[in-house]
Amino acid sequence: MAKDKQKKATSLALDEHRLTLDEVCARYKTGADAVHPAQSTGLTPDEAARRLAADGPNLMAPPKTKHPLLRYLECLLALFNFLLLVAAAFTYLLYGLDPVSNYANIYTGSILVAVAFLNAFIEYYQVAKSEAALRAFLDMIPAKATAVRGGQLVVVPASDLVKGDVVFVRMGDKMPADVFLFKTADMKVDNASLTGESEPQDRSPVNTHEAALEATNLAFNSTLVVAGEGYGIVVRTGDDTVIGQIANMTQTETKRMSPLTEEIEGFVKFIGSLAVLCAIIFIIAQLKTNDIGISFNFAVGVLVAWVPEGLPGTVTMLLTIAAKRMAGQQVLVKDLTGVETLGAITLLATDKTGTLTRNQMTVSNVWTHFKTFALVADVRSLQDGEVAFDSSVKGVQDVMNISALCSRARFDKTNVPMDQREIIGDATETGLYRLATQKIRDFDQLADKYPKVLEIPFNSDTKWHMSIHKMAHANGSFTTFIKGAPERVLRICSTILDDNGDTIPLTDEHKIQFNTAYEYMASKGHRVLAFAKFELPGTEYPESHVFDKELKNFPMAGLTFVGLASLEDPPKHGVREAVGNCRRAGIKVVMVTGDHPLTAEAIGRKINLMISDTKEKVAKKAGIPVADVREEDVKAIVIHGEKIDSLTEEDWDIIFSKDEIIFARTSPKHKLQIVKRAQAMGHIVGVTGDGVNDSPALKKADLGIAMNISGSDVSKEAAAMILLDDNFASIINGIREGRLIFFNLKKSLRYVVTHSIPEVLPQLLYVVVPLPVGLNALQIIAIDLGFELFAALSYAYEPPESDTLMKLQPRRPVDTESIEHLRARREFDNRFKSLPANADEVDENDFLRQLTFGERIKRMFSGEYWSKWAFATADGEMLVDWNTLSWSYLEAGIIQYLGAQLAFFVVFYMYKDKDGKSLYITPTDLYTCASNEGWTGKKDCTLGSGLPLSIDDQKESLAQAQSVWFFGIFLMQAWNLFACKCLMTSPFTTHIFKNKSTLLSLLGGLILTVIITYVPGINTAFGCSYNLNPLYLLIPFGVGFVLFLYAGLRHWIKMRFSPIKYNPEPLGLQMHPTRWSAA
């Protein structure tokens, strides 16, 4: 019976690399011959079939998915939409009880239902994108594999491989499973997408490494064989492979709620609770009238008034518009909330290979003739002791010839121009080959001109690659070329090229110069190779001589040392400026790579990621022990992955207190751990990466950012955002756009919420005073989904108020105070969590998770919660903060209510009946009539003047008064639209006119409002009257102008007592362009 493929792998631990071949064969009950691997017995076909039936196929288990209908229902039953559906249910119920009096409810209910379903659909559309990261892993499984079964080489489907199978792989193959190698020939694998190492890794049966991911006798599923060939035993398949366990980590990790979603959800809960509470109070207060219909009608009115129906749609459309704008800047957003999250990040954890660097080895320096030649685009970039690259120098020409001829690199095709060809081969040879193609004329004819007669590939014993070519010279017909490890190549040389390119004996002084150049290149984190040649004398090696590897009838000593060349995986264009701009914006940029610490630090120092000295460098400069250097004196740190598992809470605090951080030699588990630790300290974490090894961290981060061109499918699926051009610098545009959309969302919400008070208070006054209600439910919906929606959306096109957007601190900065506050709050919340009684069973995630509903209820009965935490001010700037609530509810909202109420009273007072007679209805009359079932269409009312007010006059006067209230909100909100544009600058500037969409939205809103108010038929459905005198609209218009003046005064006072704080400029940033060239 097949094992359950849903079984979750829990560890990346492997121990086969520590075993001998016999031990591995015994463990997996198979047979392997290290001397004649093709004659290994392997598994018999019957045994392989039995194991396949027992273990299941070599495939990844598909992720569990939720039915689309259930997902949609979850969205539909969210609190916001649920309130709208409840309100709609009441309107339909009332319509069923009294269709005549409640005829408008059929429109109101339909609109509420439509809005709820539309909001749910918009949300569902965003969350319904399948989390198909595993599909990319499945694509990595090669279709076929070569196995040895029953002593015979056979080709089988890769999915049929089982543990114990002996497999054969060669250059160009993808590893079909995790394999223990027992026989190799010049084999190298590309582990870049798995470990982040930019250079191909040697594979041989002899292993000296403790870490499994660094072991030379293991090759992992989906990695590419870039050179040589090998035989091995399958030790892991499917979900049990390293990549399968990474897949499991990706699927089981859950992304925490985005800051924007968290804040909007909190606001919706606040508004929803307020709406329900008020509605219940209304129902109870109205029960004294013994008219259930009126009670529920006004309860619906309160619900509709408090809940801004257009809010979810407004937020989604604002984010969608911003996402489209970002797509034009080569940033594709998969999750809309990621638009704002990018602007809110406080820590950006980025991979090195393929993200900060090109993942393309490039020649940086050539040392020959005792000079160091540098390949730079600008001579001003030359460092001390370097000279500009000169391809006319004899030694440089020799290095180019050796790079081109003593190489196994090749073009994928030769029938296209040189710059359109792809070079196939290992990264180091490819880098040298690429430079040679650019510097050697008639490169395509070179191999035919100087044919190769013998080649000994690079191997781990000799550490060099040799080839002999038919290249004539003054003393003969053949020339030997060698490239390889510098110390090994120098060992077989007896002469060297001098300053003029002449051959002279190699002395100790020359070796000192060699060591100086070698150390200089290696100290920059470069890979260094040496080059040598030997012009074979014709007397010993005539043209008829046949070279033979077995006979070794060629010289192995006495060569001429030509020089050194250093290669590096260079930074991408614009990375230095991008990292510098991130740091200017207060964002901590952290490198997390699988590469060597020296290489990582060298790159970090080129791209503004690391400027100051680490503790080791401070100690070296001061000539003191490392332990004597104080932590507070050091701002930079490099952490080796081996130390991560043993770090304490205090160690993590020290690490994240540094301004410049690099984690090197990390595993996927470590990257995930780094993200979780940063999040636990309150950081909003962005993670960039392109490899398989990055995917769990991409999924867990608040914002995962993948590369499009160089990125694996896995990383793209796990990420929430993709850089289409692979340009790290595009992140800066995204951060700027994210910060802009946050401010624009804040302005939009500030504007939208303001009209809640002039909508809610007339409902409240109907119960408390009572007074005739100023707005009916349908008019409120027309405001929220009509002109307000146009105006709110115009903020999506609002330009920045100033050019200092990228100099502001992140809106939720992390410092010592915020960390202590967060930990104190988490410690308090953990008291109410239902944790396992056994401390050993408590997982770290239990302490970090949010409280459940039941746990929140339990917390509410705590006195400390209400006294210390319930009303605690959040750290940093929130989307909806006390400043926004004060403006919307206590200041602008009240001013608008007063303007609408004044116009409401004036219209009633100036009302004339159908005979043209003024009735002078006073506020007292309104109160008296409302107290005696007036304005309900049930009976006439007598005014204080003694004049009767008929039912028809009640309806018409109320329709005109409600019309001025409705139209007045539009006019006052038009002024508020301009007032809310300015959070950082005064509204008395030309900035308020820069957004042309504002005027278009006002024009559209004005037309809609006029149609609803004055067009016969339509106005009747909305309870408006075309008899309203437009002169009365001057009252709310004037109040709106006063509101605008008040906003300017308010801003002046605020800036005087609480000016904007900018992030301090980091010292030592190098903001000149990152440019690399083959010179």
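Definitions and limits used
Residues numbered from 1 in each chain as written. Predicted model: local features only at pLDDT ≥ 70, side-chain atom pairs only at ≥ 80, totals over all residues. Heavy atoms only, no water. Helix = DSSP H or I, 4+ residues; strand = E, 2+ residues; numbered from the N terminus. Buried < 20%, exposed > 50% of the residue type's maximum accessible area, 1.4 Å probe, protein only. Contact = heavy atoms within 4.5 Å. Areas by Shrake-Rupley, 256 points an atom, 1.4 Å probe, with all protein chains shown as cover. Lys, Arg positive; Asp, Glu negative; His and termini not counted. Charge placed at Lys NZ, Arg CZ, Asp CG, Glu CD. Axes fitted to C-alpha atoms, helices over the stretch in contact; angles between N-to-C directions. Parallel < 35°, antiparallel > 145°, perpendicular 65-115°, else oblique. Left-handed = near helix turned anticlockwise from the far one by under 90°. Nonpolar A, V, L, I, M, F, W, Y, C, P; charged D, E, K, R; others polar. Patch = residues over 30% accessible without salt bridge, like charges linked within 9 Å, V, L, I, M, F, W, Y side chains within 5 Å. Salt bridge = Lys/Arg side-chain N within 4 Å of Asp/Glu carboxyl O. Disulfide = S-S within 2.5 Å. Expected span 1.5 Å × (residues − 1). Polar contact = N/O pair within 3.5 Å; in protein donor to acceptor, adjacent residues only side chain to side chain. Pairing = 2+ DSSP bridges.

(A) Seen up close, the overall build of the chain. A tally of regular secondary structure across the chain gives 39 helices and 29 strands. Sorting the 1079 residues of the chain into buried and exposed places 54% on the buried side. Looking at the chain alone, contacts between residues at least 24 apart form 73% of all its contacts between residues at least 6 apart. Accessible surface computed for the chain: about 46600 Å², of which carbon and sulfur atoms make up 58%. Side chains of the chain carry 110 positive and 122 negative charges; the gap between the two charge centres is 2 Å.

(B) Spatial organisation of the packing of helix 36 (residues 951-979) against helix 39 (residues 1034-1057). In contact at an axis separation of 8 Å, helix 36 and helix 39 are set at 20 degrees when each is read in the N-to-C sense. The angle between helix 36 and helix 39 falls in the class roughly parallel. The handedness of the crossing between helix 36 and helix 39 comes out as right-handed. Residue-level contacts link G968, L971, M972, W975, N976, F978 and A979 of helix 36 to P1036, F1037, V1039, G1040, F1041, L1043, F1044 and A1047 of helix 39. Each residue belonging to the contact of helix 36 with helix 39 can be placed in one class, and the counts come to 12 nonpolar, 3 polar and no charged.

(C) Examining a nonpolar patch on the surface more closely. The grouping of F853, I857, M860, F861, W866 and F871 at the surface amounts to a nonpolar patch, some 730 Å² of accessible area in total. Structurally, W866 can be placed in helix 33 (residues 863-869).

(D) Region of the structure containing the state of the cysteines. Taken as a whole and judged by the stated rule, the model has 1 disulfide. Take C406: it sits in no disulfide, and the sulfur closest to it among the cysteines is that of C493, at 13 Å. With a relative accessible area of 0%, C406 lands in the buried category.

(E) The arrangement of helix 30 (residues 816-830) in detail. The end-to-end C-alpha distance of helix 30 is 21 Å, a good match for the 21 Å that 15 residues give at a rise of 1.5 Å each. Taken residue by residue, helix 30 has S818, I819, R826, F828, D829 and N830 as its buried positions.

(F) Fine view of the packing of helix 29 (residues 777-794) against helix 37 (residues 996-1014). Following both chains from N to C, one finds helix 29 and helix 37 inclined at 165 degrees, their axes separated by 7 Å at the closest point. One element, helix 29, and the other, helix 37, form an angle in the roughly antiparallel class. Pair helix 29 / helix 37 crosses with right-handed handedness. Judged by residue contacts, A782, G786, F787, F790, A791 and S794 of helix 29 engage S997, T998, S1001, G1004, G1005, L1008, T1009 and I1012 from helix 37. Tallied by class, residues from the contact of helix 29 with helix 37 come to 6 nonpolar, 8 polar and no charged.

(G) Structural context of the environment of H683. Tracing the sequence through the fold places H683 in the loop between helix 24 (668-680) and strand 25 (685-689). C-alpha of H683 to C-alpha of E550: the two residues are 133 residues apart in sequence and 62 Å apart in space. At 2.8 Å, the side chain of H683 and the side chain of T346 are in polar contact.

(H) Structural context of the sheet that holds strand 22 (residues 588-592). Strand order in this open sheet of 8 strands is 8-27-26-25-9-22-24-23, and the pairing throughout is mixed. Looking at strand neighbours, the two that pair on one side only are strand 8 (331-333) and strand 23 (636-640), the edges of this open sheet. The average angle at which neighbouring strand axes cross in this sheet is 20 degrees, direction not considered. The pairing of strand 26 (residues 703-707) with strand 27 (residues 721-723) spans 3 bridges and is classified as parallel. Note that in strand 27 the partner of I705 across the bridge is M721.

(I) Representation of the environment of G774 within the structure. Assignment of secondary structure puts G774 in the loop between helix 28 (756-768) and helix 29. Residue classification places G774 among the buried positions, given a relative accessible area of 0%. In contact with G774, other than residues within four places in its own chain, are P762, Q779, F904, Q962 and W965.

The analysis is restricted to geometry; functional conclusions fall outside its scope.
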